[in-house]
Amino acid sequence: MSGMIIAVDGPAASGKGTIARALARHYGLPHLDTGLLYRAVAATVLRDGLDPAVEADAAAACAFNDGLLADPWLRTDDVGKIASVVSAHPQVRAALLERQKRFAGQPGGAVLDGRDIGTVIAPDADAKLFVQATPEVRAERRHLELQKAGLTASLEKVLADIRARDERDSQRADAPMVAAADAALLDTSVLSIEAAVQKAIELVEARRNA
Ligand code: CDP
Ligand code: CDP
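As the structure is a prediction and not an experimental result, all values here were calculated from the model.

Here we come to the site of ligand 2. Not every one of the 17 residues close to ligand 2 is listed here, only the nearest: Lys 16, Arg 39, Arg 93, Arg 165 and Asp 169. In the model, a nitrogen atom of ligand 2 is placed 2.9 Å from a nitrogen or oxygen of the Asp 116 side chain. Protein coverage of the free-state accessible area of ligand 2, which is 530 Å², stands at 95%. Where the shell around ligand 2 is concerned, the elements lending two or more residues are helix 2 (35–47), helix 4 (77–86) and helix 8 (155–171).

Structure follows, in structure tokens:
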């Protein structure tokens, strides 16, 4: 089906990025990792010595240069944590809304992953997935990534950070992280990447044939 819009949401390290990229490849659709936009705002706040808790400071950082999106620094947990602080400000969400809506409105279709794709950005998506995994499994995944990158952080600290981010993302008033009523739930806790991607394709196929 050309023009298919696929929304993939879920908490940190649930596997939504991996699944969204695989779906984009499978269906030949462009992919947008919307978390990267919030990470770019966070990185700009940090670089410019602004206060992420102050809405006007975070809003000023929304005029970031697109070149920043390729900076590996954005992928770090330090930036991810600040991203979840700036993303709670309505002015920040409003500033990034149009760009995401435009991406989701491409006539050829698209895959987007984030927290509010199925609820706010693309409520009419053809298929919506909400990817989950237990906090413990997600912490282990992040811990492993950090170890591979040569960084040291205790598993307890990573788990505490994951729980804090879940809490902030799901409790905010504006576009909180929540599964859309019509989203298919995909728990990857005990699934390999290959099995999770296979299951995701099956769920999308079930939706498009429904
Ligand atoms: O995008 P999100 O933060 O939800 O997660 P991700 O970056 O796709 O996946 C987080 C980590 O978990 C990566 O290192 C993946 O390789 C790994 N992963 C996994 O071990 N098993 C899965 N079923 C999915 C992802
Ligand atoms: O990959 P991971 O799940 O760790 O994080 P991300 O998807 O890059 O998102 C970083 C932060 O941006 C999240 O903790 C959310 O607070 C925020 N975010 C959001 O509010 N809405 C989105 N559509 C995507 C990300």
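Next comes the rest of the account.
Right, let's get into the UniProt feature "domain: Cytidylate kinase" (unreviewed entry) in the chain. In the numbering used here, UniProt assigns the feature "domain: Cytidylate kinase" (unreviewed entry) to residues 6–205. Helix makes up 52% of residues 6–205 and strand 11%, with an end-to-end C-alpha separation of 11 Å.

Burial along strand 5 (residues 184–187) is one-sided: the face carrying Ala 184 and Leu 186 is buried and the face carrying Leu 185 and Asp 187 is not. Taken together, the four bridges between strand 4 (residues 127–132) and strand 5 define a ladder with parallel strand orientation. The partner of Val 131 across the bridge, within strand 5, is Leu 186.

Cut-off values and rules
Residues numbered from 1 in each chain as written. Chains lettered and ligands numbered in written order. Predicted model: local features only at pLDDT ≥ 70, side-chain atom pairs only at ≥ 80, totals over all residues. Heavy atoms only, no water. Near = heavy atom within 4 Å. Polar contact = N/O pair within 3.5 Å; in protein donor to acceptor, adjacent residues only side chain to side chain. Areas by Shrake-Rupley, 256 points an atom, 1.4 Å probe, with all protein chains shown as cover. Helix = DSSP H or I, 4+ residues; strand = E, 2+ residues; numbered from the N terminus. UniProt positions renumbered as here; feature names shortened; annotations may be inferred. Buried < 20%, exposed > 50% of the residue type's maximum accessible area, 1.4 Å probe, protein only. Pairing = 2+ DSSP bridges.

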